[in-house]
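# Fold and contact review
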Amino acid sequence: MAKKATAVETVEVAPQEVVTKTPPKPTKNAWEIKDRVYYLKGNKKPLSRSIKAAGIYYFDEEKGYERELKYCQNQKTSFVDEMKGDQRLEHIIFRSGNLFVPKNQQTLQKLLSLYHPHKDQIYYEYKPAKLAEEEIDMLNMQVDALVAAKNIDIDMAEAIMRVEVGSKVSEMSSKELKRDLLLFARRKPKLFLELVSDENVQLRNFGIKATELKIIKLSQDQRHFVWAASDRKLMTVPFDEHPYSALASWFKTDEGMEVYSNIEKRLNA
């Protein structure tokens, strides 16, 4: 008797996606094995200067508590809780203002670069790339300041230079003013750009000019501005505020705008 053929049920299996794991790329902040140089901060370069090699602590955010640090040349770590065996304390000494640490002294390098509480207070690590970046930022700022100084009008130039040299600005010729403005922009670009964007700088200059020309005057206690001719009070300077900064803000009020227009007519008369 012939056997009946049985149907074989086929099941379609969906193709499986093959996932390839890519190894993580090292971050920019990854520790690099290299020689490192450290310098004392400030202009002084003593023949020798020691910094603390023990009795210092580092707050470990991952562990959530402070960990004691100690530099021992016979240990592979600067964390006391990870040390094994004898702890032979070693001094950390800067000579003539600097300390060179070769790449084979990783324990000392990591202590100085990552954990020591006096880093960037008493000493700093020399980083050419970071220094170049800071210098580029400064150069770009100087360029921005010089371009702004070149295109600035004479009234704004006078207002800015009054902040730098005071009443001497009134005795300057336009050429002297422009020259000193460019020098100021190159020497102190950050302050210059802040003054350019300060909406009150021209109003302060306006108030100072009005005082110099004896249109208004500031009381001896620097608490009030009054009309010079009549001693009639114009405004009271708020406590702990610079008189001319307060006057500049007051010029923006309704009453102050009227006085501003009055003074402007006298200046242009």
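Every value quoted in this text rests on a predicted model; they were computed, and no experiment measured them.

## As for a nonpolar patch on the surface
Residues Tyr39, Tyr124, Tyr126 and Leu131 make up a contiguous nonpolar surface patch of about 330 Å² in total accessible area. Its place among the elements puts Leu131 in helix H2 (residues 128-151). On the accessibility criterion, Leu131 (35% relative accessible area) is partly exposed.

## Quick word on the layout of surface pockets
As a volume, the second largest pocket reaches approximately 250 Å³. Lining of the second largest pocket is provided by Lys119, Asp120, Tyr124, Glu125, Tyr126, Lys127, Lys130, Leu131 and Glu134. Breaking the lining of the second largest pocket down by element, the ones donating at least two residues are strand E7 (123-125) and H2. Element by element, the count of residues in the lining of the second largest pocket is highest for H2, at 3 residues.

## Focus on the side chain of Glu125
Structurally, the position occupied by Glu125 is in strand E7. With a relative accessible area of 9%, Glu125 lands in the buried category. A polar side-chain atom of Glu125 sits 2.7 Å from a polar atom in the side chain of Arg36. Within the structure, Glu125 has its side chain in polar contact with the side chain of Ser113 (distance 2.9 Å). Among all residues touching Glu125, those that are not within four sequence positions of it are Arg36, Val37, Tyr38 and Ser113.

## Describing the sheet that holds strand E9 (residues 224-227)
Sheets are built from strands paired through backbone hydrogen bonds, the pairs being either parallel or antiparallel. Ordered in space as E8-E9-E10, the 3 strands form an open sheet in which the pairing is antiparallel. Here the strands that pair on one side only, and so sit at the sheet edges, are strand E8 (216-218) and strand E10 (233-236). For this sheet, the mean inter-axis angle between neighbouring strands, taken without regard to orientation, is 20°. Pairing of E8 with E9 involves 3 bridges; the strand directions are antiparallel.

Procedures and definitions
- Residues numbered from 1 in each chain as written.
- Predicted model: local features only at pLDDT ≥ 70, side-chain atom pairs only at ≥ 80, totals over all residues.
- Heavy atoms only, no water.
- Patch = residues over 30% accessible without salt bridge, like charges linked within 9 Å, V, L, I, M, F, W, Y side chains within 5 Å.
- Areas by Shrake-Rupley, 256 points an atom, 1.4 Å probe, with all protein chains shown as cover.
- Salt bridge = Lys/Arg side-chain N within 4 Å of Asp/Glu carboxyl O.
- Helix = DSSP H or I, 4+ residues; strand = E, 2+ residues; numbered from the N terminus.
- Buried < 20%, exposed > 50% of the residue type's maximum accessible area, 1.4 Å probe, protein only.
- 1 Å grid on protein atoms, 1.4 Å probe; cavity = no way out; pocket = protein on both sides within 12 Å on 5 of 7 lines; lining within 4 Å.
- Points joined across faces, edges and corners; volume = space filled by probe spheres on them.
- Polar contact = N/O pair within 3.5 Å; in protein donor to acceptor, adjacent residues only side chain to side chain.
- Contact = heavy atoms within 4.5 Å.
- Pairing = 2+ DSSP bridges.
- Axes fitted to C-alpha atoms, helices over the stretch in contact; angles between N-to-C directions.

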